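Descriptive analysis of the structure
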Amino acid sequence: MIAIRAHWPRISSVAATAFCLASLLVGPAAAGEMPRLGRGINILGYDGIWEGGQNAPFRLENLTAIKKAGFSHVRINFFGFKFMGPGNVLDEIVLRRLDAVIEEVFARGLIPVLDEHDTHVCQSDVSGCAEKLRAFWRQLAERYAGKYPGLVFEVLNEPGGQMTSASWNTLLNECLAIIRRTNPERQVVAAILNTEDIRVDELALPTDDRNLIVTFHYYAPIRFTHQGAPWSQTFSRIGPLDWGSPDDEAKAAADFDKMKLWAEKEKRPVYLGEFGVYERAPSDSRVRYLSFMARSAEKLGWAWAYWQFDHDFAAFDSVRQAWKPDILRALSPPPR
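Let us look at the structure shown here.

Conventions and cut-offs
Residues numbered from 1 in each chain as written. Predicted model: local features only at pLDDT ≥ 70, side-chain atom pairs only at ≥ 80, totals over all residues. Heavy atoms only, no water. Helix = DSSP H or I, 4+ residues; strand = E, 2+ residues; numbered from the N terminus. Buried < 20%, exposed > 50% of the residue type's maximum accessible area, 1.4 Å probe, protein only. Contact = heavy atoms within 4.5 Å. Core = buried A, V, L, I, M, F, W, Y, C linked by side-chain atoms within 4.5 Å. Polar contact = N/O pair within 3.5 Å; in protein donor to acceptor, adjacent residues only side chain to side chain. Disulfide = S-S within 2.5 Å.

Among the secondary structure elements, Gln308 is positioned in the loop between strand 8 (303–306) and strand 9 (316–317). Judged by its relative accessible area of 1%, Gln308 is buried. If sequence neighbours within four positions are ignored, Gln308 has contacts with Ile41, Asn42, Tyr46, Phe313, Ala314 and Ala315.

Counting residues in hydrophobic clusters, the biggest one holds 97 residues, and the most contacted among them are Ile66 and Val155. Among the elements that line this core, the one with the most residues is helix 6 (residues 126–144), at nine residues. Setting aside residues up to four positions removed in sequence, Ile66 forms contacts with Ile41, Ile43, Phe58, Phe71, Val74, Leu110, Phe309 and Trp323. Grouped together as the second largest cluster of nonpolar side chains are nine residues, Ile111, Val113, Val152 and Ala305 included.

If you trace the backbone, Gln227 turns up in the loop between helix 8 (222–225) and helix 9 (246–266). From its side chain, Gln227 meets the backbone nitrogen of Leu241 in a polar contact 2.7 Å long.

What follows deals with the state of the cysteines. Under the counting rule described, the total for this entry stands at one disulfide. The disulfide that involves Cys122 links it to Cys129, with 2.0 Å between the sulfurs. Sign of the S-S torsion, about 80° for the bond between Cys122 and Cys129, identifies this disulfide as right-handed. Side by side, Cys122 and Cys129 carry an identical accessibility label, which is buried. The closest cysteine sulfur to the non-disulfide-bonded Cys175 is located on Cys129, 7.9 Å from its own sulfur.

Below you can see the structure in the form of structure tokens.
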């Protein structure tokens, strides 16, 4: 499709009023109160909007469609490291684009979760990642100190790879300390180490910080959720595989129960920040999987965000500018 140049409109007085109200409504009403993230969707991970305003495939006006479809938050997948210059200083032009996206999200009555998404760097180069991640949050925390109270920070997407639980706990707590110097009550999302066995018991958080939300991602069994994925020599040859037997549901329920028991013991809220099924899976099995994960999370009182709005795993057809009906019904069924 033809890339359309993004417009960065000055927010009208009506939109500005809506933005201000949204900032107040989604922010914590009192210290320690968690924002009600509810249902969400991942956006803007692989779009040209950051590099120069290419408004494709995601369009800022798609935020209205997201709100109308029943979602209450978006998880903004931001690859900040590539916009760092000498001394790991972030490009001010890119940061202004980020400001504009955040304001557009608020103006639509949605909550933005700002996710630092440089997984590929952090899973392979732990020391290099640590230096950049600390610099990233020092700059972002100072930039947004006292601003956008409803904005939620997410320290890092999917820590893992060469990271151990010990190295991740150290880096996570260093970043939390940086954030708390200027944002003492900001809601912050902290991930568990991204492994198949959900090592939530190894996560070490500051006990006195109750403005934290613990996140994990769920794609199990990965042979089903990634079947036919062309970027993998293994998964591209797999399929069609079904999902939805009693054993399938029992395995997912047991994994979720592990998170539930830990969260109850530690009195921490949980956020299912990603789950999804690649489009080569049989459509009926894909719908069963997505519906089961979304409803299971909701029954446990967890917020969730589907992976993702467009590109692959897509819930939205960017060419037709329309939702994929079966995926949308699975994620956000109409009220009865």
